[in-house]
Amino acid sequence: MLVLKFGGTSVGTPEAIGKLIDIMKDTEHAGPVRVVVASALSGMTDSLITISRKAEAGDGAYTAMVEAMRKRHLEIATAFLTGHDQEGAAAHLEKTFAELIRTLDGIAILRELSKRTLDAVMSFGERLSAFLLARICTASGIPAEFLDTRSLIKTDDHYGNAHFLKEETFANIRSCFHGLPAGKPVLQIATGFIGATPAGHTTTLGRGGSDLTAAIFAAALDAETVEIWTDVDGIMTADPRLVKNAFRIDTISYIEAMELSHFGAKVLYAPTIKPAFEKGIPIRIRNTFNPTGGGTRISNDAVLSNYPLRGISSMHHVALIRVQGSGMVGVAGFSSRLFGALARKGISIILITQGSSEYSICFAVLPEDTGLAEAAITGEFDRELASRAIDAPITEQDCSIIAVVGSRMKSTSGISGKVFHALGRNGVNVIAIAQGSSELNISAVISRQDEAKALNAIHEAFFLAGVRSVNLFLVGIGLIGGTLVDQIAEQQEVLANEYKIRINLVGVANSRNMIFCEEGLDPKTVKPRLKAALPFDLPVFIEKMQAMNLPNMAFCDCTANEQVAAQYARILQSAIPIVTPNKKANSGSYHYYKTLTDYSRDRGIPYLYETAVGAGLPVISSLRDLFLSGDKVRRIEAVVSGTLSFIFNNYDGSKPFSALVREAKAKGYTEPDPRDDLNAMDAARKALILARECGLSLEFSAVAIEPILPPACFEAADVETFFTELEKADGDFEKRRSEAAAAGKVLRYVVVIEEGAARLSLRSEPAGSPFRSLVDSDNMVVITTARYSTLPMVIKGPGAGAQVTAGGIFADIVRIARTLV
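These numbers come from a predicted model, not from an experiment. (Residues numbered from 1 in each chain as written. Predicted model: local features only at pLDDT ≥ 70, side-chain atom pairs only at ≥ 80, totals over all residues. Heavy atoms only, no water.)

J.: What am I meant to see in helix α28 (residues 730-742) here?
T.: Residue pairs three or four apart in sequence face the same way in an α-helix, which turns once every 3.6 residues. Taking 1.5 Å per residue as the helical rise, α28 with its 13 residues ought to reach 18 Å, and the 18 Å between its terminal C-alpha atoms agrees with that figure. What α28 keeps buried is the set D730, F733, R737 and A740. Seen along its axis, α28 keeps its buried residues to an arc of 100°; they face one direction. Away from the buried face of α28 by more than 90 degrees, exposed residues D732, K735 and A742 are located. (Helix = DSSP H or I, 4+ residues; strand = E, 2+ residues; numbered from the N terminus. Expected span 1.5 Å × (residues − 1). Buried < 20%, exposed > 50% of the residue type's maximum accessible area, 1.4 Å probe, protein only. Arc of directions from axis to C-beta.)

J.: Quick question: what am I supposed to make of the packing of helix α2 (residues 44-56) against helix α4 (residues 83-110) here?
T.: What describes two packed helices is the angle between their axes and the distance between those same axes. In the contact formed by α2 and α4, the axes pass within 7 Å of each other and the chain directions differ by 40°. In terms of orientation, α2 and α4 fall into the oblique class. Viewed along their axes, α2 and α4 form a crossing whose handedness is right-handed. Between α2 and α4, the residues in contact are L48, I51, S52, A55 and E56 and L100, L104, I107 and A108, respectively. A per-class count over the contact of α2 with α4 returns seven nonpolar, one polar and one charged. (Axes fitted to C-alpha atoms, helices over the stretch in contact; angles between N-to-C directions. Parallel < 35°, antiparallel > 145°, perpendicular 65-115°, else oblique. Left-handed = near helix turned anticlockwise from the far one by under 90°. Contact = heavy atoms within 4.5 Å. Nonpolar A, V, L, I, M, F, W, Y, C, P; charged D, E, K, R; others polar.)

J.: Can you help me understand the state of the cysteines in this one?
T.: What is meant by a disulfide is a covalent connection between two cysteines, made through their sulfur atoms. Counted by the stated rule, this structure contains zero disulfides. Of all cysteine sulfurs, the one in C362 lies closest to C399, which takes part in no disulfide; the gap is 9.8 Å. For C399, a relative accessible area of 2% gives the class buried. The structure places no disulfide on C556, whose sulfur is separated from the nearest cysteine sulfur, that of C558, by 3.7 Å. For C556, a relative accessible area of 0% translates into the label buried. (Disulfide = S-S within 2.5 Å.)

J.: Teacher, can you tell me more about the sheet that holds strand β27 (residues 757-765) here?
T.: Two strands in a sheet stick together by hydrogen bonds in their backbones, pointing the same way (parallel) or opposite ways (antiparallel). In spatial order, the strands read β25-β27-β26-β24-β28-β29; together these six strands make up an open sheet with mixed pairing. Each end of this open sheet is capped by a strand with a single partner; those strands are β25 (704-705) and β29 (793-798). Strand direction decides the pairing type here: strand β26 (residues 746-754) and β27, joined by nine bridges, are antiparallel. Bridging across to β27, V751 finds its partner in L760. (Pairing = 2+ DSSP bridges.)

J.: Just to check I follow, could you spell out the nonpolar core for this structure?
T.: Side chains that are nonpolar tend, in soluble globular proteins, to be buried together. One finds F473, F555, Y568, I636, L690 and L726 to be the most contacted residues of the largest nonpolar core, which totals 85 residues. Ranked by residue count, the leading element in this core is helix α25 (residues 681-693), at seven residues. Residues in contact with I636, not counting those within four places in the same chain, are L623, L690, C694, V751, V752, I753, V781, V782 and I783. If you look at the next biggest cluster of nonpolar residues, it comprises 52 residues, including A55, V66, F97 and L100. (Core = buried A, V, L, I, M, F, W, Y, C linked by side-chain atoms within 4.5 Å.)

What follows is the structure, given as structure tokens:
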């Protein structure tokens, strides 16, 4: 025997009912189904509550709303019934709606809506839908009868959330079905959600009441299975509305299902499982609109999950109340008094946690219960509050609860660590934690604004088989940033398929426009799309990034803009890692540099700027490794400007110095105004960063810079005038070059960091100097340490160029992804 329940969306339209009829006629269901429990048409219960409130307020609009309901039910009847069947159904509907109007008129006259009366009004939804469905089944060749469950399911008088009386209800159901005619039994279409007191007053069974009705029938009749038909494929690993990668759970135990549903899984409501659980009757969750899908089977013999967790759920809005004070410590019976006072007010406690010191206890309730709970506490503990033995209750609103559930958690170590690493890595603050001794569930109270981010972060950590995603926000898509976007487009598929790393470009901006897409921007088309996007506004860009609040975010700054760099602290404080080649932040004030690096280190939020010195060369990371391993840096010598390296590497006297600078400009090695490179400010900023990475507390003003150009070059009004002035200095440059050549040396512009100071100067390098091996725009950093004393560490390679710089930035982004494990 099978008992089926169809939810509101499964009976809400003619199309849905047509699919329901097909299910009832298929080979799986044509014989064994004895009972079908029907919910009200989708949205009907909420509408009935609304019209009841309107009637109570004397708002005559309820009559028009009832008329709309009547038309909706008649349209469904007309879609399936003809002739006398249609006439008979229409007459019954008219009679039932007339009864509804009379009830509402009475409410409007009295201006009073009791819970008992509201239950009576809400019962019309199921009574109408079950009647219609019985007539439609019969007309479709499936003999069926309408069964008003108020005659069978007996409850207490807790209106709005009545509890069924097990023995009386089971006896009524068994008596009813044993009294049915012999032979092929007639299908019973039963009203879900409703029952009645022994005195005959209509009650409702609360949230998930129709599921409970189905479970009651199944338990009373010893059915083989309960099937709950809805509009989703089953219980998912997480809410698919919040977690796009959530997938269906094939099989789950009763206890796991109850844990998930208690903390917000919407497919099932925990109390509805109980009657089936007690009888060991499996429950299947299936999709009316995808009947061939496997659904989810809930049973005692559920197969162990392949994952440490079975699923994750959340309660979107709760309030956390904390009671604390020295008067609680060691006092027997305090908790009993506290929760007894709350129970007497009918307040349901969702979660409880208490510190081992007994100094405080906190619990979660629904937001609408906070005022009543606070009043109950102050009333129970008025003397303790007056003597200040305990503090006044403290309430935190706008909280959510996330719960990770799975029977394998007990036998798998490290689950808690992985959960809280995923949360901490994404800047999600945990307010309270609870875990039962069964180790089946870990629950955490967090800020409501972080709910979706927390769910996605944990889901990815446990269910995506090692996949690590970075939601990337990129500012600056000029030469470097544009090349980075091209590299992401080229490598995106390889990273995902071979290394399980997903780079999801969700926000992009240049100096004019910005564009966002939570699902991801195609790096192949983002550049042209950006032209027609929103005007760029840096504060708005950052506010949008923070508001999106995605898991595993990262911010990449491919500009040289000081205003962008000034926002780094704000970004890090939002727990968003930063990747940047922009030197402005780390070569600005020492205080700002320390603020950023200390915050990154202390909070574990990556702040990566490898490409700020040496483009793609591993200079910064090598220095850090030396320090971490206990080595001492004694001296650094470096050529860190690709522009100056190209000029002096090729300055052999075959052409004047000014002509060589013109050549460098033509090849794109300099800025449009070469003075921006030849003033050595860029090299000095890199020198300062290196010095600070060595532990020196230097400001930029402390860096000694030997000028390369004569003052007249900087006084020139434009670039051509600059070159005219530079040509006048060709003789001086040639004299210095020839003197060096006569001594067997070459000119190089070198950074030196030692003895607590940093300086840059144009040096004559003798034979044997490593800087003589430089070619084109190569950079070189020579590091002498306590361990690398005889033979220094030499890092050499291209120090400029869009491809190598973008490649270094890309490597840092991938490095962030690798920290997500």
